[in-house]
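Breakdown of the fold
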Amino acid sequence: MISHISINTLLLLVMLIAVLWTVMGRSLLKATIGLALTSAVVTILMFRLNSPLAAVFELSVCTGLITVVFVSTISLTKPLTNKEIVELSKERNKRFGYLPILLIVISIALTFIRIRNNIIIPPVTTPELDVRRVMWDMRQLDMLGQIIVVIIGALGVVILFEERRRDEW
Amino acid sequence: MLSLLILVPLIGIVILNLSARAPARRLAFWFALLIFISQILLAACRHPVLWNVEMKQIDTFFKVSLSMDQISFIMLLCIGIVSIASLLVARHTIYDEKELFKFVNLLIITSIGMNGIVLVKDIFTLYIFLEITALASFVLIALEKDRNAIEGSFKYLILSAIATIMLLTSIALLFMVSGSTSFEAIRQALNLANNNIILFAIGLFVCGLAIKGGLVPFHAWVPDAYSSAPAAVSVLLGGIVTKTVGIYTLIRLLIAVFGFDPSLKTILLALGALSIVFGALAAIGQNDMKRMLAYSSISQVGYIILGFGCGTFLGIAGAIFHIFNHSIFKSLLFVNSAAVETRLGTTDMNKMGGLSSKMPITGTTSVIGMLSAAGVPPLAGFWSKLMIIVALWQSGSKTYSFIAIMASVITLAYLLIMQRKVFFGKLSIENENIDEARIGISTASIMLAVIIIGSGVFFPLVFNKFIAPIQELIIR
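Just so you know, these numbers come straight off a predicted model, no measurement behind them.

Regarding its fold elements, chain B presents 21 helices and zero strands. Over its C-alpha trace chain B gives a radius of gyration of 21 Å, about what one expects of a compact globule, namely 23 Å for 476 residues. Seen through its C-alpha atoms, chain B measures out along the principal axes to roughly 70 × 60 × 45 Å. Taken across its 476 residues, chain B has 57% of its residues classed as buried.

Helix and strand content of chain A: seven helices and zero strands. Reading the secondary structure of chain A in the N-to-C direction produces α-α-α-α-α-α-α. By residue count, 12% of the 169 residues in chain A fall in the buried class.

This part covers the packing of helix H8 (residues 147-178) of chain B against helix H9 (residues 183-192) of chain B. Residues and elements named next belong to chain B. Running from amino to carboxyl end, H8 crosses H9 at an angle of 70 degrees, the nearest separation of the two axes being 9 Å. When the axes of H8 and H9 are compared, the pair comes out roughly perpendicular. Judged by the twist between their axes, the crossing of H8 over H9 is left-handed. Side by side, H8 and H9 meet where Leu174, Val177 and Ser178 of the first sit next to Ala185, Ile186 and Ala189 of the second. In terms of residue class, the contact of H8 with H9 is built from five nonpolar, one polar and no charged.

Further remarks concern the interface of chain A and chain B. Taken together, the contact pairs 19 residues of chain A with 27 residues of chain B. Split into classes, the residues belonging to the side of chain A that touches chain B amount to twelve nonpolar, four polar and three charged.

The next point concerns the nonpolar core. With 185 residues, the main nonpolar core has Val89(B), Ile320(B) and Val335(B) as its most contacted residues. Here this core gets 18 residues from one element, more than from any other, and that element is helix H12 (residues 231-258) of chain B.

Before going further, it helps to spend a moment on the packing of helix H15 (residues 313-344) of chain B against helix H16 (residues 360-374) of chain B. Residues and elements named next belong to chain B. Close contact between H15 and H16 brings their axes to 9 Å; oriented N to C, the two are set at 145 degrees. Handedness of the H15/H16 crossing: left-handed. Two secondary-structure elements touch here, H15 through Asn325, Phe329, Leu332, Leu333, Asn336, Ala339 and Val340 and H16 through Thr362, Thr365, Ser366, Gly369, Ser372 and Ala373. Classifying every residue of the contact of H15 with H16 by side-chain character gives six nonpolar, seven polar and no charged.

Here we come to the confidence of the model for chain A. Do not read the fine detail of predicted coordinates wherever pLDDT is low. Residues and elements named next belong to chain A. Per-residue confidence for chain A gives a mean pLDDT of 74, with 72% of residues at or over 70. Per-element averaging of pLDDT across chain A places helix H6 (residues 131-138) at the bottom with 66 and helix H2 (residues 28-48) at the top with 86. Confidence drops under a pLDDT of 50 for residues 165-169, and excluding neighbours within four residues, the segment shows three contacts in the predicted structure.

Mapped onto the fold, Val86(A) is located in helix H4 (residues 82-96). C-alpha of Val86(A) to C-alpha of Ala54(A): the two residues are 32 residues apart in sequence and 38 Å apart in space.

Side chains three or four residues apart in an α-helix point the same way, a direct result of the helix having 3.6 residues per turn. In this model, helix H13 (residues 262-284) of chain B (23 residues) spans 34 Å end to end at C-alpha, consistent with the 33 Å of a helix rising 1.5 Å per residue. Here the buried face of H13(B) lies against helix H10 (196-213), helix H14 (289-310) and helix H18 (398-422) of chain B.

What follows concerns unusual backbone geometry. Note: most residues except glycine have negative phi, and most peptide bonds are trans. All names here are of chain B. For the bond running from Val216 to Pro217, omega is 10 degrees, close enough to zero to count as cis. Counting through the fold element by element, Pro217 comes out in the loop between H10 and helix H11 (221-228). Backbone torsion omega between Pro377 and Pro378 reads 5 degrees, so that peptide bond is classified as cis. Here Pro378 is to be found in the loop between H16 and helix H17 (380-394).

A separate point is H2(A). Residue and element names in this part refer to chain A. Taking 1.5 Å per residue, 21 residues should reach 30 Å; H2 reaches 30 Å between its end C-alpha atoms and fits that length. Turning to H2, its buried residues are Thr32, Gly34, Leu35, Ala36, Thr38, Val41, Val42 and Thr43. Where H2 terminates, the next one or two residues include Asn50, which has phi positive at roughly 60 degrees.

About the cut-offs
- Residues numbered from 1 in each chain as written.
- Chains lettered and ligands numbered in written order.
- Predicted model: local features only at pLDDT ≥ 70, side-chain atom pairs only at ≥ 80, totals over all residues.
- Helix = DSSP H or I, 4+ residues; strand = E, 2+ residues; numbered from the N terminus.
- Rg over C-alpha atoms; globule rule 2.2 N^0.38 Å.
- Buried ≥ 20, exposed ≤ 12 C-beta atoms within 10 Å, placed from the backbone.
- Axes fitted to C-alpha atoms, helices over the stretch in contact; angles between N-to-C directions.
- Parallel < 35°, antiparallel > 145°, perpendicular 65-115°, else oblique.
- Left-handed = near helix turned anticlockwise from the far one by under 90°.
- Contact = placed C-beta atoms within 7 Å.
- Nonpolar A, V, L, I, M, F, W, Y, C, P; charged D, E, K, R; others polar.
- Core = buried A, V, L, I, M, F, W, Y, C linked by C-beta atoms within 7 Å.
- pLDDT = per-residue confidence, 0-100.
- Expected span 1.5 Å × (residues − 1).

Right, here's the structure in full:
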């Protein structure tokens with residue numbers, strides 16, 4: 001029987017693979033999918049760690065909304081040729097090829113280092129709260145802030161990429 | 001009432017964008033001007049009747065800790081003034097109506113972000129407004145979409161992302177310790193618990209804010225971002241954005257949440273001195289006017305941190321007053337740079353000279369800005385620097401006091417070099433036909449110069465009305 005810890009470790013491994021795929025991949029579109037996959041795994045981890053509110057935000061904003069913004073932006077940019085992609089990929093592997101090894105070494109080191117547990121953990125209250133209550137009664141200003149961030153994202157895409165498609169530079 | 005400072009501009013943007021036709025685009029400029037003037041008037045008069053107006057429905061909705069104090073008034077005033085200067089410069093430097101409309105939208109959003117930073121009393125909400133301001137700034141820097149602008153914006157984006165990771169990690173740790181994200185709850189929890197995790201969290205937060213504020217050694221993005229941004233954006237960034245996002249937030253959190261630790265004071269004093277000296281020395285070697293002003297900003301931010309690092313009332317008051325003064329004189333110098341750039345098409349100081357005969361308003365106001373930046377009496381910059389130096393001396397940091405005085409001399413030197421290269425000397429033949437800057441830019445220059453002279457000459461009044469009340473916050 002697989003314990004809770006094993007499942008979480010497995011999820012963390014999947015997340016690491018997704019992250020590496022995002023960073024090292026050749027295509028921007030695939031990188032976006034990798035990022036969405038990373039967010040999806042983080043969402044599952046948050047649910048498993050009894051943080052449904054954070055999980056809902058992660059799922060709706062990072063996995064959903066941000067992916068849509070990225071895909072729309074990519075659709076407005078000029079795609080690279082296969083030759084350019086291969087060249088860029090070689091260059092990237094040369095510069096960042098050490099990243100997977102570094103990540104594995106750090107992960108192993110962190111697994112074996114025991115951090116002294118002297119943090120005062122507050123009583124967990126979030127599961128008792130309704131998601132809607134937290135979002136609309138307790139964190140309204142944060143919600144408004146998120147809306148403004150989305151507006152900036154939309155404005156940014158319009159301002160920075162609209163003319164690029166027209167001029168194709 | 002406080003929530004209106006965020007809601008009114010936001011609703012305005014939404015309405016204007018619903019119908020982004022020509023009349024709405026033209027209206028956007030006047031709408032922005034109106035909200036910034038209203039903000040200045042409200043912050044300057046500080047009448048309790050105005051600030052305590054109850055708006056039941058809205059206030060019920062926004063029950064998340066928004067509040068005002070003496071420092072908030074000063075910051076709101078700075079945000080309003082610099083935003084107006086930036087808006088006026090944009091009107092005469094961004095020629096396409098659609099581009100101007102986009103700029104105005106982003107300017108209003110940036111001001112919403114900064115107002116939020118000044119008003120919130122919750123560390124996570126503070127983080128959200130920091131991100132709003134930073135995101136709008138990335139787009140603003142890249143507005144002209146040329147290679148340098150994109151590069152400057154990208155550098156800012158990457159370093160800001162690193163700062164964001166630090167801030168979020170710190171917030172998570174503080175939440176673990178206190179079980180809440182409100183300033184008050186965290187402060188109480190920190191008083192009870194004192195361990196290495198807390199120190200680590202505070203250290204991360206301070207480093208994150210130092211990156212956002214452009215302090216040495218976290219300053220790498222500042223010169224590129226300031227110099228590659230459009231003229232109006234440089235005014236905004238150099239004048240107020242980095243000061244609110246990095247420096248004000250640092251001051252606010254140390255006063256209201258983290259408190260002054262002796263080791264933290266030492267770090268702040270060292271960071272401040274390093275920024276002052278490095279910024280001033282780097283500024284001397286620059287040939288680009290905007291780049292020189294960017295390094296000058298790093299140096300001036302060092303003064304603010306040095307004053308704040310004293311931890312005494314005089315030091316903190318001097319730091320807050322220097323934030324105000326720096327906002328005004330640095331905005332003025334960037335407005336002057338915009339005026340020159342619009343007429344000559346370059347900011348390379350080697351291609352300038354003798355411009356004050358052709359641009360008397362720009363030349364004269366630039367001398368006022370320069371003298372205030374160098375701390376020459378009786379201009380406003382002199383008083384804030386004096387307060388900081390006296391505070392350093394009184395608190396026993398005589399070496400830092402000496403560094404501050406010497407750096408002031410270097411400041412005067414590089415600003416005199418700028419004046420000589422740009423406004424004095426012989427006018428070159430190719431610049432003989434240039435005129436004074438357009439009326440909007442000249443108006444912004446005159447407005448800022450008048451504020452510098454006024455707040456310097458009437459310093460006792462300014463001190464009693466705006467600076468002295470800060471003492472209540474520090475004692476509390």
